[in-house]
Amino acid sequence: MAAAVDCFAQKGFYGTTTHEIAQWAGISQPYLYRLYPNKEALFAAAVDHVSVVMNETLVAHSPASDGAGPTPEAALDAARGAYTTLVADRNILRFLMHANCAAGEPLVAQAVRRCYAKQVDTARQLLGDDDAVRRWFGAGMLDNVVAVLGLTDIDEPWAHVLTAR
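These remarks concern the structure in this document. These figures come from a predicted structure and were not determined experimentally. (Residues numbered from 1 in each chain as written. Predicted model: local features only at pLDDT ≥ 70, side-chain atom pairs only at ≥ 80, totals over all residues. Heavy atoms only, no water.)

**Points about helix 4 (residues 39–60)**
Taking 1.5 Å as the rise per residue, helix 4 with 22 residues should run 32 Å; its terminal C-alpha atoms sit 31 Å apart, in good agreement. At the N-terminal end of helix 4, a side-chain oxygen is found 3.2 Å from the backbone nitrogen of Glu40, two or three residues along, and the residue is Asn38. (Helix = DSSP H or I, 4+ residues; strand = E, 2+ residues; numbered from the N terminus. Expected span 1.5 Å × (residues − 1). Polar contact = N/O pair within 3.5 Å; in protein donor to acceptor, adjacent residues only side chain to side chain.)

Right under this line is the structure:
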C-alpha cells in the first residue's frame, strides 16, 4: 500500500493512472484490479492505510503517563512531535493534500472522513480537550503547507513568518 501512497502523492487521484500505480508497486495492472475493483477503491484503501500510519505515530509519541497523566502542554508537544515525524515523509503529506482534493469522489470522501474521525478521536484521547485538538489540527495544516512548499529552505520574510524563524 505504501507504493500506492507514494505514487498518488506525486500526481494525485486524478493525475495518476492505475498503470502507473501497478508499475510503481511492481505488479501487473490486471493483478491490481484483482485486488481493488477500481482506482477509487484503491485510493480509499490508501487513505485508510495513511490513517493507520498517522494514528500509530500519534500513539507512539504520546507522553508516558505516571498515573496523573501528562500536562496539557506536554500532551500537545508530544502530538506536535508526532506530526513532525509525519512531516518528514513528504509523500504522506502530499498524499493527504490530494486526498482532501479528491473528496468529491464518494468512496474517497468516506475514507477521508474516517481518517479525520480517527485522528480526532486519538488526539482527543491524548490531549483531552477539543480546543487543543483544533489547535493541533490547525498547526498540522500549517506544517503541511510548510513541508510541501519547502519553506524551511526559502530565505524570504513571508516564509519566515510561516516557519516561525
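**What about the state of the cysteines?**
If you walk through the whole model with that rule in mind, you get zero disulfides. Note on Cys7: no disulfide assigned, nearest cysteine sulfur contributed by Cys101 at a separation of 17 Å. Free of any disulfide, Cys115 has its nearest neighbouring cysteine sulfur in Cys101, separated by 14 Å. Residue Cys115 is classed as buried on the basis of its relative accessible area, which comes to 5%. (Disulfide = S-S within 2.5 Å. Buried < 20%, exposed > 50% of the residue type's maximum accessible area, 1.4 Å probe, protein only.)

**Concerning the pattern of salt bridges**
The full count for this structure, using the stated rule, is six salt bridges. For Asp48, the salt bridge is made with Arg114, and the minimal N-O distance between the two is 2.9 Å. Remark: Arg114 occurs in helix 7 (residues 106–127) and Asp48 occurs in helix 4; sequence separation between them is 66 residues. With a relative accessible area of 42%, Arg114 lands in the partly exposed category. (Salt bridge = Lys/Arg side-chain N within 4 Å of Asp/Glu carboxyl O.)

**Thoughts on empty space enclosed by the protein**
Tallied over the full model, the rule gives one cavity of 30 Å³ or more. When its volume is computed, the largest cavity comes out at roughly 180 Å³. If you list the elements that add at least two residues to the lining of the largest cavity, you get helix 4, helix 6 (90–101), helix 7 and helix 8 (130–149). In terms of residue count, the dominant contributor to the lining of the largest cavity is helix 8 (five residues). Split into classes, the residues belonging to the lining of the largest cavity amount to eleven nonpolar, four polar and no charged. (1 Å grid on protein atoms, 1.4 Å probe; cavity = no way out; pocket = protein on both sides within 12 Å on 5 of 7 lines; lining within 4 Å. Points joined across faces, edges and corners; volume = space filled by probe spheres on them. Nonpolar A, V, L, I, M, F, W, Y, C, P; charged D, E, K, R; others polar.)

**Some remarks on helix 6**
Here helix 6 is twelve residues long and its end C-alpha atoms lie 17 Å apart, about the 16 Å a rise of 1.5 Å per residue gives. Taken together, the buried positions of helix 6 are occupied by Asn91, Ile92, Leu93, Phe95, Leu96 and Ala99. The inward-facing, buried residues of helix 6 abut helix 1 (2–15), helix 4, helix 5 (72–87), helix 7 and helix 8. Put simply, Asp89 is the residue that caps the front of helix 6, since its side-chain oxygen is 3.0 Å from the backbone nitrogen of Asn91. (Contact = heavy atoms within 4.5 Å.)

**Some points on the side chain of Thr16**
Here Thr16 shows up in the loop between helix 1 and helix 2 (18–25). Given the relative accessible area of 1%, Thr16 is considered buried. At a separation of 2.6 Å, a polar atom in the side chain of Thr16 contacts the main-chain carbonyl oxygen of Gly12. Here Thr16 is in contact with Cys7, Phe8, Lys11, Ile21 and Lys39, once residues within four sequence places are set aside.

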